[in-house]
Amino acid sequence: DVQCGIHFGFRTEMQSKFGCRAGGLLWNLTGNVVFPLLPLVCVVDGVLTGGRRFCVLHGGVPVDCPGQVAPINIDEDISRIDRVRQTLQATHDFHSHVMFNMLWS
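Residues numbered from 1 in each chain as written. Predicted model: local features only at pLDDT ≥ 70, side-chain atom pairs only at ≥ 80, totals over all residues. Heavy atoms only, no water.

A. The layout of surface pockets, seen in detail. The computed volume of the largest pocket comes to approximately 430 Å³. What lines the largest pocket is a set of 21 residues, among which Asp 1, Phe 35, Leu 38, Leu 103 and Trp 104 lie closest to the centre. Going through the elements one at a time, helix H1 (2–7), helix H3 (20–37) and helix H4 (94–104) are the ones with two or more residues in the lining of the largest pocket. For the lining of the largest pocket, the element with the highest residue contribution is H3, accounting for 4 residues. A class-by-class count of the residues in the lining of the largest pocket yields 13 nonpolar, 5 polar and 3 charged. (1 Å grid on protein atoms, 1.4 Å probe; cavity = no way out; pocket = protein on both sides within 12 Å on 5 of 7 lines; lining within 4 Å. Points joined across faces, edges and corners; volume = space filled by probe spheres on them. Helix = DSSP H or I, 4+ residues; strand = E, 2+ residues; numbered from the N terminus. Nonpolar A, V, L, I, M, F, W, Y, C, P; charged D, E, K, R; others polar.)

Structure below.
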């Protein structure tokens, strides 16, 4: 998300490589258009997996989410996440906690 990109230097890197004007434009497009379109998880299944279904994600498996009463459901819980949200330590509600852990744990 935008706040993580700023905090960890991605915006600064874009501006240093492309200049303040072009780098700023690219940064805005990346943070507000591209990041929300990227998948949070990839579900792998089919013949090559022996009939098993599993997910691949960047960070970790969300645990101890506020209000969590059952394991995270890929089809239901993850598909409901509003992707345009701050993830940097934004773990105050269920969906923010799930997204934060999936990206950064």
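B. Just the confidence of the model for the protein, in detail. On average, residues of the protein carry a pLDDT of 83, and 94% of them reach 70 or more. Across the protein, the secondary-structure element scoring lowest on mean pLDDT is H4, at 81, and the one scoring highest is helix H2 (residues 10–18), at 94. (pLDDT = per-residue confidence, 0-100.)

C. A look at the packing of H2 against H3. Running from N to C, H2 and H3 cross one another at 140°; their axes reach a closest spacing of 7 Å. Relative to H3, the element H2 lies oblique. Considering the relative orientation of H2 and H3, their crossing is right-handed. Contacts between H2 and H3 involve Phe 10, Arg 11, Met 14, Gln 15 and Phe 18 on the former and, on the latter, Cys 20, Ala 22, Gly 23, Gly 24, Leu 26, Trp 27, Thr 30 and Phe 35. Taken together, the residues of the contact of H2 with H3 break down into 8 nonpolar, 4 polar and 1 charged. (Axes fitted to C-alpha atoms, helices over the stretch in contact; angles between N-to-C directions. Parallel < 35°, antiparallel > 145°, perpendicular 65-115°, else oblique. Left-handed = near helix turned anticlockwise from the far one by under 90°. Contact = heavy atoms within 4.5 Å.)

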